[in-house]
Amino acid sequence: MTDVFAEELRDQLAQARLDLAAAREAGDDDGADAYRGRITALLRIAARHSIKVAREPDDDLEDED
């Protein structure tokens with residue numbers, strides 16, 4: 001996989017984590033759920049393409065392989 005793809009994925013993951021934190025701070029439960037889903041999807045894409053990404057304690061994959 002290209003470095004550009006991996007970097008874009010990492011950037012999107014970082015942004016989703018920031019957005020999740022903002023949604024939680026604002027008390028936006030629906031937004032927080034959406035961003036958790038986005039993070040899960042991005043982590044699955046990273047795993048599928050063997051892209052190493054930083055993991056955070058909140059990164060809970062429902063059926064992680």
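Anyway, here's the lowdown on the structure attached to this text. All of these numbers come straight from a predicted model, not from anything done at the bench.

### Looking at the pattern of salt bridges
Any two side chains of opposite charge can pair if their charged atoms end up close together.
Next up, step 1: Counted by the stated rule, this structure contains two salt bridges.
Next up, step 2: Between Glu 56 and Arg 17 there is a salt bridge, and its shortest N-O distance comes to 3.9 Å. Residue Glu 56 is found in the segment after helix H2 (29-48), and its partner Arg 17 is found in helix H1 (residues 3-25); the two are separated by 39 residues along the sequence.
Next up, step 3: Given a relative accessible area of 15%, Arg 17 falls into the buried group.
Next up, step 4: Two residues, Arg 36 and Asp 33, come together in a salt bridge whose shortest N-O distance is 2.1 Å. Placement of the pair is Arg 36 and Asp 33 together in helix H2, with a separation of three residues, close to one helical turn.
Next up, step 5: Look at Arg 36 and you get partly exposed, because its relative accessible area is 29%.
Next up, step 6: Residue Asp 33 is classed as partly exposed on the basis of its relative accessible area of 43%.

### So, the environment of Ile 39
Next up, step 1: The topology assignment puts Ile 39 in helix H2.
Next up, step 2: Note on Ile 39: relative accessible area 5%, which makes it buried.
Next up, step 3: The spatial distance from the C-alpha of Ile 39 to the C-alpha of Leu 20 is 8.9 Å, given a sequence separation of 19 residues.
Next up, step 4: Contacts of Ile 39, omitting those with residues within four sequence positions, involve Leu 13, Ala 16, Arg 17, Leu 20 and Asp 59.

### Digging into H1
Next up, step 1: Relative to the 33 Å expected for 23 residues at 1.5 Å per residue, H1 spans 33 Å between its end C-alpha atoms, a close match to the ideal helical length.
Next up, step 2: Looking at H1, one finds that the buried residues are Ala 6, Leu 9, Leu 13, Ala 16, Arg 17, Leu 20 and Ala 23.
Next up, step 3: Looking at the buried residues of H1, the elements they touch are H2.
Next up, step 4: Among the residues trailing H1, Gly 27 stands out with phi positive, at a value near 75 degrees.

### A few points about the nonpolar core
Next up, step 1: Judged by nonpolar contacts, the single largest core of 13 residues is most densely connected at Leu 9, Leu 13, Ile 39, Leu 43, Ala 46, Ile 51 and Val 53.
Next up, step 2: Counting residues per element, the ones that place at least two in this core are H1 and H2.
Next up, step 3: Excluding residues that lie within four positions of it along the chain, Val 53 makes contacts with Leu 9, Arg 10, Leu 13, Leu 43 and Ala 46.

About the criteria used
Residues numbered from 1 in each chain as written. Predicted model: local features only at pLDDT ≥ 70, side-chain atom pairs only at ≥ 80, totals over all residues. Heavy atoms only, no water. Salt bridge = Lys/Arg side-chain N within 4 Å of Asp/Glu carboxyl O. Helix = DSSP H or I, 4+ residues; strand = E, 2+ residues; numbered from the N terminus. Buried < 20%, exposed > 50% of the residue type's maximum accessible area, 1.4 Å probe, protein only. Contact = heavy atoms within 4.5 Å. Expected span 1.5 Å × (residues − 1). Core = buried A, V, L, I, M, F, W, Y, C linked by side-chain atoms within 4.5 Å.

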